[in-house]
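Here is what each chain is made of, one letter per residue.
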Amino acid sequence: MTKQRLVSNFDNILRAKIYFFLKKSIWKYLISSILLGFLKPIGGLNSIVSAIIYFIGINVILWPLQYISAKALAKTINFDADIEFGESKILINHNNKELTEIKDWSWIKKIDINTDRVWLTINQKRPFGISIPISKLSESDISLFRRKTNE
């Protein structure tokens, strides 16, 4: 059984926002920028330079919005819990309120194991990510997440 403390603070929320943005949204903005560059070039510039300018412009707008959004969410979300990941269930003991939840593994939509972190995407309308550093996990903990990834 793997036990981790999860706190929704600014750093964790920003890390999850960046992860989801780079994993999903960046490609949409890149394709949109390329299309804009070819369909509506800027001034006398060629299409590729226009696409690069559009992409940079979109990112100049979006990255500060990610930061501001993470700040706002950190103030409103009050999640502090000890989570135990077992073979058949996930036990959530909230530290900031008298509540214990038991979830099955369908609560986790996707598990990504990177070189430095294990990312768990919660099965909700709005994606919520749990990030666990590999350095905090034992080999048996990592193998549990690998098994659940393959199921």
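Structural data are supplied above this passage.
A brief structural summary. Just so it is clear, the model here is predicted, and its values are computed rather than measured. (Residues numbered from 1 in each chain as written. Predicted model: local features only at pLDDT ≥ 70, side-chain atom pairs only at ≥ 80, totals over all residues. Heavy atoms only, no water.)

Further remarks concern helix α1 (residues 10–39). Taking the largest bend as the criterion, α1 deviates by roughly 50°, centred on Ser25. Those residues of α1 not exposed but buried are Phe10, Ile13, Leu14, Ala16, Lys17, Tyr19, Phe20, Phe21, Ile26, Ser33 and Gly37. Buried residues belonging to α1 abut α2 (47–76), β5 (108–113), β6 (117–122) and β7 (128–133). (Bend = angle between axes of the 7 residues up to and from the residue. Helix = DSSP H or I, 4+ residues; strand = E, 2+ residues; numbered from the N terminus. Buried < 20%, exposed > 50% of the residue type's maximum accessible area, 1.4 Å probe, protein only. Contact = heavy atoms within 4.5 Å.)

On to the nonpolar core, then. Counting 21 residues, the largest nonpolar core has Ile83, Phe85, Leu120 and Phe145 as the members making the most contacts within it. Every residue in contact with Ile83, bar those within four places of it in the chain, is listed here: Thr2, Lys3, Gln4, Leu6, Ile90, Leu91, Ile92 and Ile130. Ranked by size, the runner-up nonpolar core spans five residues in total, among them Phe10, Leu14, Ala70 and Leu73. (Core = buried A, V, L, I, M, F, W, Y, C linked by side-chain atoms within 4.5 Å.)

A few words on the side chain of His94. Along the chain, His94 falls in strand β3 (residues 90–94). Residue classification places His94 among the buried residues on the basis of a relative accessible area of 9%. In this structure the side chain of His94 is engaged in a polar contact, spanning 2.6 Å, whose partner is the side chain of Glu101. Excluding residues within four positions of it along the chain, His94 makes contact with Phe79, Asp80, Ala81, Leu99 and Glu101. (Polar contact = N/O pair within 3.5 Å; in protein donor to acceptor, adjacent residues only side chain to side chain.)

Glancing now at the packing of α1 against α2. The interhelical angle for the contact between α1 and α2, taken along N-to-C directions, is 155°, at an axis separation of 9 Å. As the angle between them shows, α1 and α2 are arranged roughly antiparallel. Read as a crossing pair, α1 and α2 show a hand that is right-handed. Here the contact of α1 with α2 is composed, by residue class, of 23 nonpolar, seven polar and two charged. (Axes fitted to C-alpha atoms, helices over the stretch in contact; angles between N-to-C directions. Parallel < 35°, antiparallel > 145°, perpendicular 65-115°, else oblique. Left-handed = near helix turned anticlockwise from the far one by under 90°. Nonpolar A, V, L, I, M, F, W, Y, C, P; charged D, E, K, R; others polar.)

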